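Secondary and tertiary structure notes
Spelled out from the first residue to the last, the chains are:
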Amino acid sequence: MGKFEVYKNKSGEFRFRLKAGNGQTILASEGYNTKAARDNGIESVRKNAPDENRYTNGVSTSSQSYFNLTETNGQVIGKSEMYESENARDSGIQSVMKNAPDAEVVDS
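Below you will find a few notes about this structure. Treat the numbers as computed from the prediction; the structure is a model and nothing was measured. (Residues numbered from 1 in each chain as written. Predicted model: local features only at pLDDT ≥ 70, side-chain atom pairs only at ≥ 80, totals over all residues. Heavy atoms only, no water.)

**Points about the nonpolar core**
One finds Phe-4, Leu-18, Val-45, Tyr-55 and Val-96 to be the most contacted residues of the largest nonpolar core, which totals 22 residues. Secondary-structure elements contributing two or more residues to this core are β1 (3-8), β2 (14-19), β3 (25-28), α1 (35-48), β5 (65-70) and α2 (86-99). Those residues in contact with Phe-4 that sit more than four places away from it in its chain are Phe-16, Arg-17, Leu-18, Ile-42, Val-45, Arg-46, Ala-100, Ala-103, Glu-104, Val-105 and Val-106. (Core = buried A, V, L, I, M, F, W, Y, C linked by side-chain atoms within 4.5 Å. Buried < 20%, exposed > 50% of the residue type's maximum accessible area, 1.4 Å probe, protein only. Helix = DSSP H or I, 4+ residues; strand = E, 2+ residues; numbered from the N terminus. Contact = heavy atoms within 4.5 Å.)

**Things to note about the pattern of salt bridges**
Under the defined criterion, the tally for this structure stands at 8 salt bridges. Across the pair Arg-15 and Glu-13 runs a salt bridge, and its minimum N-O distance is 3.2 Å. Each of Lys-3, Glu-5, Arg-17 and Lys-19 takes part in one network of salt bridges that share partners. (Salt bridge = Lys/Arg side-chain N within 4 Å of Asp/Glu carboxyl O.)

**Overview of the pairing of β2**
Pairing between β1 and β2: 6 bridges, direction antiparallel. Looking at the pairing, Lys-3 lines up with Lys-19 of β2. In sequence, β1 turns back onto β2 through a hairpin of 5 residues, with Gly-12 there showing a positive phi of about 85 degrees. For β2 and β3, the ladder comprises 3 bridges, and the chain directions are antiparallel. Among the inter-strand pairings, Arg-17 is bridged to a residue of β3, identified as Ala-28. (Pairing = 2+ DSSP bridges.)

Take a look at the structure:
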């Protein structure tokens, strides 16, 4: 089962990362100014993750694949790691779709 790890970075921003059951990070958040805003971001991921239309795919300048999870208004609420192939990226999307809705929240 997946989990949202919540933490505060060195800049003082509140963040989360979604990890799959195997411990691999599959989605990372932007930085938030407050815990409440971060928690709203987690709820937005839970709500939007099951909808395949909320994912946008991309390719980096180094030819690695990635995806973003967006809200209905197009705002990015989570970013993936870089993947070596489109198949690996697609597996990452499936993992977010599966893990996010019921993932517990834990402090890292």
